[in-house]
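Fold and contact review
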Amino acid sequence: MTRPSRARVDLDALRHNYSLARRMHGGRALAVIKANAYGHGAVRCAEALQDHADGFAVAFLEEAVALRAGGIEGPILVLEGLFDAAELKAARTLNLWIVVHQEAQLRMIENDRVFDHLEVWLKADSGMGRAGFALADMPSAYARLQATGKVSNITLMTHFARADEPGSDATSRQVAAFNAATAALLGDRSLSNSAGILQWPSARRDWSRPGILLYGADPVPQRGAGEGGDEQLRPVMTLESEVFAVRTLQSGDALGYGGGFVATEPTRIGLIAIGYADGYPRLATTGTPVAVDGTITRVVGRASMDMLTIDLSRHPGSGIGSRVELWGRHVPVNEVARCAGTISYELLCNVKRVSIIDETGIDKAWDRCAAKEDVGNAPITKRRAAA
Ligand SMILES: *Cc1c(COP(=O)(O)O)cnc(C)c1O
């Protein structure tokens, strides 16, 4: 018997969400597929978007290498930029776009002996306080990049710290500060992540960088229908399994590690072969919604490493083989995240060990191992045949 736990990805929904983001923001959109496309399989998602997206963005070089090795062409922006000169060489070979957000990266280009046409996104820290040049240093960083003669194009970017907070004026202040600091500099601009696209029209520029919204999780769950009109985000991932054992607890029986759930009446329990080792959050305990055969019930007790228990008391028709959705169309991933005290991003990124399949039903092994193995010296050939 094969364990029936899997992450099903709906690539039509992915394309729908990408188009929605691009239309809402205007201009061009880099599909952010770092962290294995937020757990959805980076090569698979890039393939699905290849004919639609203006380009892709990943966090670091190895993630870009994995995409190129998977046969992905077109622009790929490396959001954290490069860590050393060897990476600069690789980035050039693979024709990657690079973020430059600090002095060391600027020097790397200045000191490099190769004359070349690099595509650089120069990043300003407009208030996040994490990465990016100080606003006052942007003009000089820009001038130094130009002076190298190695840069063919400079896009100006910044990143928002609180765009998911409708009531905060932090984003407006970041936009104003960025505008002031870069007013004299030529080039395309890129400000908005998903939350920026959805609710800060004043931040719309030449390029957007949607991540989480591509996967159909609204970064501002409390947001009303709002500007998307009738169009809705569609969840891309359905994390699913089946009931594989059933038992009935009697009043007073304790369930699972810690015995935190104690039955107060006869309670029919379904056992699911998925746990925190697969990415289901251990903190999503009794009361977290889960769907069985399409109707909502609840988790009971604590998720363990490989197993989860759910309440089937009000689902007498369900039993071994019943389909269980941990999140997806019936159970919003945002809702599970809320129960676990975290955000959808973390849940989606953490999915592992289960098969990832799309409409074709084929599990592509590389989707599960993300960009971990054999990337250092990966040949730039398609690994598809091998997988
Ligand atoms: C991850 C990331 C994004 C995407 O953010 P979402 O909130 O998922 O849309 C955009 N820009 C940068 C610089 C990022 O690091």
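Just above, that's the structure.
Attention in this report is confined to the structure presented alongside it.

Basis of the calculations
- Residues numbered from 1 in each chain as written.
- Predicted model: local features only at pLDDT ≥ 70, side-chain atom pairs only at ≥ 80, totals over all residues.
- Heavy atoms only, no water.
- Near = heavy atom within 4 Å.
- Polar contact = N/O pair within 3.5 Å; in protein donor to acceptor, adjacent residues only side chain to side chain.
- Areas by Shrake-Rupley, 256 points an atom, 1.4 Å probe, with all protein chains shown as cover.
- Nonpolar A, V, L, I, M, F, W, Y, C, P; charged D, E, K, R; others polar.
- Helix = DSSP H or I, 4+ residues; strand = E, 2+ residues; numbered from the N terminus.
- Axes fitted to C-alpha atoms, helices over the stretch in contact; angles between N-to-C directions.
- Parallel < 35°, antiparallel > 145°, perpendicular 65-115°, else oblique.
- Left-handed = near helix turned anticlockwise from the far one by under 90°.
- Contact = heavy atoms within 4.5 Å.
- Buried < 20%, exposed > 50% of the residue type's maximum accessible area, 1.4 Å probe, protein only.
- Arc of directions from axis to C-beta.
- Phe/Tyr/Trp six-rings, centres within 6.5 Å; stacked < 30°, edge-to-face > 60°.
- Disulfide = S-S within 2.5 Å.
- Core = buried A, V, L, I, M, F, W, Y, C linked by side-chain atoms within 4.5 Å.
- Domains from an automatic or database assignment.

**Comments concerning the site of the ligand**
Lining the immediate surroundings of the ligand are Val32, Lys34, Tyr38, Leu79, His159, Asn193, Ser194, Arg209, Pro210, Gly211, Ile212 and Tyr345. One of the side-chain nitrogen or oxygen atoms of Arg209 is found 2.9 Å away from a nitrogen atom of the ligand. Within the backbone of Gly211, an N or O atom sits 2.9 Å from an oxygen atom of the ligand. Calculation on the ligand without its partners gives an accessible area of 390 Å², and the protein chains cover 92% of this total. Its residues placed into classes, the shell around the ligand shows six nonpolar, four polar and two charged.

**Things to note about the environment of Ile154**
Here Ile154 is to be found in strand β8 (residues 151–158). Sequence-wise, Ile154 and Gly256 are 102 residues apart; in three dimensions their C-alpha atoms are separated by 56 Å.

**A few points about the packing of helix α1 (residues 11–25) against helix α3 (residues 42–49)**
Relative to each other, α1 and α3 sit at 60 degrees, their axes nearing to 10 Å. In this view, α1 runs oblique relative to α3, as classed from their interaxial angle. With respect to the hand of their crossing, α1 and α3 are arranged in right-handed fashion. Contacts from Leu11, Leu14, Arg15 and Tyr18 in α1 reach Arg44, Cys45, Ala48 and Leu49 in α3.

**Notes on helix α6 (residues 103–111)**
Listed in full, the buried residues belonging to α6 are Gln105, Leu106, Met108 and Ile109. Along α6, the residues classed as buried sweep out an arc of 155 degrees about the axis, all on the same side. Where α6 is buried, its residues contact α5 (85–93), β5 (97–100), β6 (118–125), β7 (133–134) and α7 (138–147).

**Observations concerning the packing of aromatic side chains**
A complete count under the given rule lists six aromatic pairs for this structure. Seen in terms of ring centroids, Tyr38 and Tyr345 are 6.0 Å apart; in terms of plane orientation they differ by 35 degrees. Their pairing is tilted. One end of the pair, Tyr38, is in helix α2 (residues 34–39); the other, Tyr345, is in helix α11 (residues 344–349), with 307 residues separating them in the sequence. What links up through ring pairs into an aromatic cluster is the set Tyr38, Tyr215 and Tyr345.

**With respect to the state of the cysteines**
This model, assessed by the stated rule, comprises zero disulfides. Not part of a disulfide, Cys45 finds its nearest cysteine sulfur in Cys349, a span of 12 Å.

**Digging into the environment of Leu191**
Along the chain, Leu191 falls in the loop between β9 (189–190) and α9 (194–199). Look at Leu191 and you get buried, because its relative accessible area is 0%. In this structure the C-alpha to C-alpha distance between Leu191 and Arg15, which are 176 residues apart in sequence, comes to 22 Å. The residues touching Leu191, leaving out its near neighbours within four places in the chain, are Thr158, His159, Phe160, Val175, Phe178, Ala203, Arg205, Trp207 and Arg209.

**Considering the nonpolar core**
Looking at soluble globular proteins, one finds that nonpolar side chains tend to be buried together. Counting 102 residues, the largest nonpolar core has Leu14, Phe56, Leu67, Leu122, Tyr280 and Trp327 as its most contacted members. If one sorts the elements of this core by residue count, α3 sits on top with six residues. Two domains each donate at least three residues to this core, and these are domain 1 (11–215) and domain 2 (237–353). Leaving out residues up to four positions away in the same chain, Phe56 has contacts with Leu30, Ala31, Ile33, Ala46, Leu49, Gln50, Ile72, Glu73, Pro75, Ile76 and Leu77. Core analysis: the second largest hydrophobic core is formed by seven residues, Met24, Leu198, Leu213 and Leu233 among them.

**Re the side chain of Asp311**
Within the secondary structure, Asp311 sits in strand β17 (residues 308–311). Among the polar contacts made by the side chain of Asp311, one reaches the side chain of Ser313 at a distance of 2.7 Å. With near-sequence residues (within four places) excluded, Asp311 lies in contact with Thr267, Arg268, Thr297, Arg298 and Val300.

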